[in-house]
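Single-letter residue listing:
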Amino acid sequence: MTEVARLAWMAGRIAAAFDALPEEQAAAAIAAHINQFWAPPMRRGLLAADAAALAPRVRRALALVRPPASP
Amino acid sequence: MGLIRETDFGTPVRQGEATVSLVIDGQRVSVPAGTSVMAAAMHAGTKIPKLCATDSLEPFGSCRLCLVEIEGRRGTPASCTTPAEEGMVVRTHSDRLGKLRRGVMELYISDHPLDCLTCSANGDCELQDMAGAVGLREVRYGYEGANHFDGVKDESNPYFSYDPAKCIVCNRCVRACEEVQGTFALTITGRGFDSRVAPGLTDFLGSECVSCGACVQACPTATLIEKSVIEMGQPEKSVVTTCAYCGVGCSFKAELQGDRVVRMVPFKQGGANEGHSCVKGRFAWGYATHRDRITKPMIRGSIHEPWREVSWAEAIGHAASEFKRLQASYGRDAVGAISSSRCTNEEVFLVQKLVRGALGNNNIDTCARVCHAPTGYGLKTAFGTSAGTQDFKSVAKADVILVIGANPTDGHPVFASRMKRRLRQGAKLIVADPRRIDLVRSPHIEASHHLQLLPGSNVAFVNAMAHVVVTEGLVDEAFVRERCDLGDFEAWARFVALAENAPEETERFTGVPAAELRAAARLYASAGNGAIYYGLGVTEHSQGSTMVMGMANLAMATGNIGREGVGVNPLRGQNNVQGACDMGSFPHEFSGYRHVADDATREMFEATWGRALDGEPGLRIPNMLDEAIGGGFRGLYIQGEDIAQSDPNTQHVTAALRAMECVVVQDLFLNETAQYAHVFLPGASFLEKDGTFTNAERRINLVRKVMEPLAGMAEWEVTAALATALGFPMRYDHPSEIMDEIARVTPSFTGVSYAVLEARGSVQWPCNAAAPEGTPIMHVDRFVRGTGKFMITEFVPTEERTGPRFPLILTTGRILSQYNVGQQTRRTANTAWHDEDVLEIHPFDAESRGITSGELVALASRSGEVSLRAVVSERMQPGVVYTTFHHARTGANVITTDYSDWATNCPEYKVTAVQVRRTNALSRWQETHQQEAGQLRRIAPAAE
Ligand code: SF4
Ligand code: SF4
Ligand code: SF4
Ligand code: FES
């Protein structure tokens, strides 16, 4: 499993890329990006992360991140 | 097949609609206006004797051998410098002409050593041919007069020699260096009888010469000749193939004796290079038969054991059973593969097919991850396709060329020669680069603007360019209205117009003076044709993808897309980066850039391959490494890549490799990565395979086999055997059948086959029912995605920051004579130009640290430390240092970090905070690496 800090950092950079968008749209864009490019073990790790470790906009996007089927 | 002798028209073949019609020796011939009488005669099948003319060069008119008679004109004009005109009546042979030509030849021969029988050019010498053609029977001047027979040979270049005794001062070499290569290294010194060719005041190796070989090719005599020809003699047959180095994709004739290469000669019909080459493709092929080649499959239980040579069956069986074991113990996703941009389309297609079909996951990635993945993401988002928009030829129509984060004269030399030709014709140049690359000022070229931006500030820079375009009324409104999504455009225009994006504001990030940036933006936007060319200085950043979209925005806003002379053009690093990406090597995409979650596409592949396929994206290379350290990823098949040297943060990479239970490396050499491998499958060089490479202009070129694979199996056969052993049978008799499958399953390739490539030489995809001839220029009437999409590109500074401990920024790159990790070029005489990585440092930074050129310095970052020699250089700006990553023993990537592009995880090679200090020792990493390298590469003696 990838370190949570690494996943949180990567998700944070994705959120920063969509910083110019209004919050709702940003959440959708962040989640869409993660769903499109993150393999199941990474999404699983992110979804299991302590919310406090995540950027606020990433936290918001989590609800839209597709949970992977169990391995 | 015999030796291919290409027709030499004597002067350049002109293109154009308008023709003129004339009569030559009683035969009527029509040629494009501007064609010389000499070339017109050649069109009619008449070879006029010539010495100083060849069709890669403009006519010069010095030898006077090509004289003709033209009705109504006095004298005997030179046919090479006389343009064909409507109604002309030309005679190429008469007694008078014969006499004149013999006279000319007599003069040449009287000062030429008569050792034809033992001369290395015997059989390939135009002087010899011409003596025959003009019927030379005697030399009235005798051979006793003054001559140049004692001229001293210059053997300094490792690949060719210069023997002034044989020079006829035809000037072809000097002109080739100027017109074809654009280096201007040669001059004619002295006057009259004393004139000689010289590379400045030094020898070839010490001169400006970049060893492209254009002069050697142009030389009609044995004066400039390949040392391999001197050693081996003349070749007897040719096989046309494609260079295996950079993304220019030059076509070559491999000229052979049996299956031994005598020399590589660039092929005039090659669409990418049209007869030109660089030092790597033309000369640096010796690695293919280097004694370090591993030709026997090997396995070992642990990396601390010596390698054991085994049969192919045992090696493949072992790899397959290990992968099955790992999947049974740790889950289906615990294994994956990395394919290589140095391999053919057919080879990379099979590797991804193996992963998806045999391993049942999408853990396949390719080395484009660490170079041009952001290009794929950015251009697909903006235009709808992950590829450059133009063919190389297009640059000949550009009025303003904007080069961003690329160093074409080193990285893409043959394209650079095209670009330089256009610049000498008067096109304007803007260079945006932290270093003063050679292009900024070179013979007859001077950039209008060198925007020396600080590494990491690309997006601030491109936003400022856009700000000027939008706020100064330079938008091509008609183009935007007709071709782009207006809503997106308006949102983008509002964004870039914000005061924070004004050049005066961004100056504090970019370091580029606002007035200069404004001038550059105006120049680009008001060019008739503005063309952007970019390289890894754009992509290898934490905002690499954003920057690609930023450049696409700029091109769309100024209407610079969809015709010749414009576009957004990635200069690809390795020969088949474009192809590897096209072939479905990314973990989220099938061939043709279709997402694995797309049900219709996946079902089509499932039906074709007879396997259920996974609809979830797989792991990318950095993700695989992270997962390996976390324990979830245990087995990796690596085709032709050397991640332990090429990928960032070496210690992280090697820790990940050590954490895996089965690493399978398929390569020519026991490379750095192989030190951590358990199975070694010997690879085949480009000379040993049939297949195709796709270059940076989407051109699919054939690679043809010159010799049998040294290890007995072609790489595609090995991959197919491994897939079969994993329970997913793959049966092909020839790579052409793999291409047939690619064409069946990939919409942009449906018109591609080996038959088409044989007939046409090459095609540029898309090549299908809609574009049966292929597509040199994309997005002509509409974008592939419909309307062009403007994306908001906010500047987010990298988190890699300088500070008191690491006050300088390191940026990395490459040089002309070496290629990538150097596994190939280090095993050639190219080391004459570059035998170690050095650190370029500005005099100011050097002085404050007491550093002088040639001294050993320690280069340290948060990731690690290495020692290398310093070169004090004003090409750098203060605060920025530079090195290359061609030598494993330096370990430049020990320094680089895990930071990466937000969208693609492409590493941020171009920005690392570092400190530099004097030292007298290797770093600890280097010492350990040296000790371990021998240990981890041991091969057990073969059992009797
Ligand atoms: S090898 Fe190339 S660069 Fe060198 S002198 Fe010849 S043409 Fe010029
Ligand atoms: S070196 Fe060759 S090409 Fe150059 S002037 Fe002499 S004969 Fe001509
Ligand atoms: S420019 Fe690139 S493709 Fe052409 S010869 Fe040089 S390395 Fe090979
Ligand atoms: S070939 Fe025309 S003058 Fe030399």
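Look above for the structure.
Described in the following lines is the structure provided in the data block. (Residues numbered from 1 in each chain as written. Chains lettered and ligands numbered in written order. Predicted model: local features only at pLDDT ≥ 70, side-chain atom pairs only at ≥ 80, totals over all residues. Heavy atoms only, no water.)

1. Observations regarding the overall build of chain A
The cut-off we apply is this: The way it works is that DSSP assigns letters per residue, a run of H or I at least four long becomes a helix, a run of E at least two long becomes a strand, and they are numbered from the N terminus. Relative accessibility thresholds used throughout: buried, under 20% of the residue-type maximum; exposed, over 50%; partly exposed, between the two (1.4 Å probe, protein chains only). Any pair of residues with heavy atoms lying within 4.5 Å of one another is described as a contacting pair. Accessibility throughout is a Shrake-Rupley quantity obtained with a 1.4 Å probe, and a residue counts as covered only by protein chains that appear here.
Of the regular secondary structure elements, chain A holds four helices and zero strands. For chain A, the sequential pattern of α-helices and β-strands runs α-α-α-α. Every one of the 71 residues in chain A was classed for burial, and the buried ones make up 52%. Considering only contacts within chain A whose residues lie at least 6 apart along the sequence, 64% involve residues at least 24 apart. Carbon and sulfur atoms form 60% of the exposed surface of chain A, whose accessible area is close to 3200 Å².

2. Some thoughts on the packing of aromatic side chains
Where we set the bar: In this scheme Phe, Tyr and Trp rings, the latter by its six-membered ring, pair at centre separations within 6.5 Å, and the angle between planes marks the pair as stacked below 30 degrees, edge-to-face above 60, and tilted otherwise.
For the structure on display, the rule yields 23 aromatic pairs over all chains. Look at Phe 18 of chain A and Trp 902 of chain B: their rings are 5.4 Å apart centre to centre, the planes differ by 80 degrees, and that puts the pair in the edge-to-face class. Of this pair, Phe 18 of chain A sits in the loop between α1 (4-17) and α2 (23-37) while Trp 902 of chain B sits in the loop between β35 (880-884) and β36 (912-918), which puts the two residues in different chains. Overall, the relative accessible area of 11% leaves Phe 18 of chain A in the buried class. Residue classification places Trp 902 of chain B among the buried residues on the basis of a relative accessible area of 6%. With a centroid separation of 5.1 Å and 70 degrees between ring planes, the pair formed by Phe 489 of chain B and Phe 790 of chain B is classed as edge-to-face. Within this pair, whereas Phe 489 of chain B is found in helix α15 (residues 486-497), its partner Phe 790 of chain B is found in the loop between β30 (762-764) and β31 (808-813), the two being separated by 301 residues in sequence. Here Phe 489 of chain B and Phe 790 of chain B have matching classes, each one buried. An aromatic cluster is built from Tyr 159, Phe 160, Tyr 162, Phe 204 and Phe 283 of chain B, whose rings are joined through pairwise contacts.

3. What to know about the packing of helix α10 (residues 373-383) of chain B against helix α19 (residues 544-557) of chain B
Residues and elements named next belong to chain B. The line we're drawing: Axes here mean lines fitted to C-alpha atoms, for a helix over just the part in contact, with angles spanning 0 to 180 degrees between N-to-C directions. Crossing handedness follows the turn of the near helix against the far one: under a right angle anticlockwise gives a left-handed crossing, and clockwise gives a right-handed one. All residues other than Ala, Val, Leu, Ile, Met, Phe, Trp, Tyr, Cys, Pro, Asp, Glu, Lys and Arg, Gly among them, are scored as polar; the first ten of these are nonpolar and the last four charged.
Running from N to C, α10 and α19 point in directions that differ by 40 degrees, and their axes come no closer than 8 Å. Our pair here, α10 against α19, has a crossing hand that is right-handed. Only Gly 544, Ser 545, Val 548, Met 549, Ala 552 and Met 556 of α19 make contact with α10, whose side of the interface consists of Pro 374, Thr 375, Tyr 377, Gly 378, Leu 379, Thr 381, Ala 382 and Phe 383. Its residues placed into classes, the contact of α10 with α19 shows nine nonpolar, five polar and no charged.

4. As for unusual backbone geometry
Residues and elements named next belong to chain B. Residue Pro 766 is bonded to the preceding Trp 765 through a cis peptide linkage, with omega at -5 degrees. Among the secondary structure elements, Pro 766 is positioned in the loop between β30 and β31. One non-glycine residue, Phe 184, adopts positive backbone phi at about 60 degrees. Within the fold, Phe 184 resides in the loop between α4 (172-181) and β6 (187-189). Look at Arg 698: it is not a glycine, yet its phi comes out positive at around 65 degrees. Residue placement: Arg 698 occurs in the loop between β28 (691-694) and β29 (699-703). Looking at Arg 698, the relative accessible area reads 0%, which means it is buried.

5. Notes on the site of ligand 3
All names here are of chain B. As a reminder of what qualifies: When at least one non-hydrogen atom of a residue lies within 4 Å of a molecule or strand, that residue is treated as near it.
Neighbouring ligand 3 are Cys 243, Tyr 245, Cys 246, Val 248, Gly 249, Cys 250, Phe 252, Cys 278, Lys 280, Gly 281, Pro 413 and Val 414. Secondary-structure elements contributing two or more residues to the shell around ligand 3 are α7 (279-283) and α12 (413-424). Looking at the shell around ligand 3, its residues break down into nine nonpolar, two polar and one charged.

6. A few points about the environment of Glu 482 of chain B
All names here are of chain B. Here Glu 482 is to be found in helix α14 (residues 477-483). Among the residues examined, Glu 482 registers a relative accessible area of 65% and is labelled exposed. Glu 482 sits 306 residues away from Gly 788 along the chain, and the two C-alpha atoms are 9.7 Å apart.

7. Observations concerning the sheet that holds strand β22 (residues 568-570) of chain B
Residues and elements named next belong to chain B. The line we're drawing: At least two bridges found by DSSP between two strands are what make those strands a pair.
Here five strands make up an open sheet; going across it, the order is β20-β17-β16-β21-β22 and the pairing parallel. Looking at the sheet topology across the chains shown, the edges are occupied by β20 (449-451) and β22. Strand after strand, the sheet turns through a mean of 15 degrees between neighbouring axes, direction not considered. Strand contacts of α12: β16 (400-404), β17 (428-432) and β21 (530-534), with the helix running at about 140 degrees to β16, the strand carrying the most contacts.

8. Focus on the pairing of β17 of chain B
Residues and elements named next belong to chain B. Along β17, four of the five residues are buried, which leaves the element largely enclosed by surrounding structure. Sheet topology places β16 next to β17; five bridges connect them, and they run parallel. Its bridge partner lying in β17, Val 400 is registered against Lys 428. Bridging between β17 and β20 involves three bridges; their strand directions are parallel. Looking at the pairing, Ile 430 lines up with His 449 of β20.

9. Details of the interface of chain A and chain B
Rules: When two parts are put together, the accessible area they lose, computed with a 1.4 Å probe and summed over both, is reported as buried area. Any carboxyl oxygen of Asp or Glu that lies within 4 Å of a side-chain nitrogen of Lys or Arg is treated as forming a salt bridge with it.
Each partner contributes to the interface: chain A provides 24 residues, whereas chain B provides 28 residues. Where chain A abuts chain B, roughly 2400 Å² becomes buried across the two surfaces, and 53% of that area is made up of carbon and sulfur atoms. Looking only at chain A, the three residues that lose the most surface to chain B are Trp 9, Arg 13 and Phe 37 of chain A, adding up to 28% of its buried area. One can count four salt bridges joining chain A with chain B.

10. Here's the deal with the environment of Gly 854 of chain B
Residue and element names in this part refer to chain B. By secondary structure assignment, the location of Gly 854 is in the loop between α28 (843-848) and β33 (856-861). Linking Gly 854 and Val 871, residues 17 residues apart in sequence, is a C-alpha distance of 6.0 Å. The contact partners of Gly 854, leaving out residues within four places of it in the chain, are Arg 869 and Ala 870.

11. Some remarks on the sheet that holds strand β10 (residues 251-257) of chain B
Residue and element names in this part refer to chain B. Read from one edge to the other, the open sheet built from three strands follows the order β9-β10-β11, with strand pairing classed as antiparallel. Strands at the two margins of the open sheet, each flanked by one partner only, are β9 (237-242) and β11 (260-266). Along the sheet, successive strands turn relative to each other by an average axial angle of 30 degrees, direction set aside. As paired elements, β10 and β11 share six bridges and run antiparallel to each other. Residue pairing across strands places Gln 257 opposite Arg 260, the latter belonging to β11.

12. Digging into the pairing of β21 of chain B
When a strand is regular, its side chains alternate between the sheet's two faces. Residue and element names in this part refer to chain B. Among the five residues that make up β21, five are buried, leaving the element largely enclosed by the rest of the structure. Because side chains alternate across β21, one face comprises the buried residues Gly 530, Ile 532 and Tyr 534, and the other comprises Ala 531 and Tyr 533, equally buried. Pairing analysis gives five bridges linking β16 to β21, with the strands arranged parallel. If you follow Val 403 over to β21, its bridge partner there is Tyr 533. Bridge count between β21 and β22: three bridges; the pairing is parallel. If you follow Tyr 533 over to β22, its bridge partner there is Asn 569.

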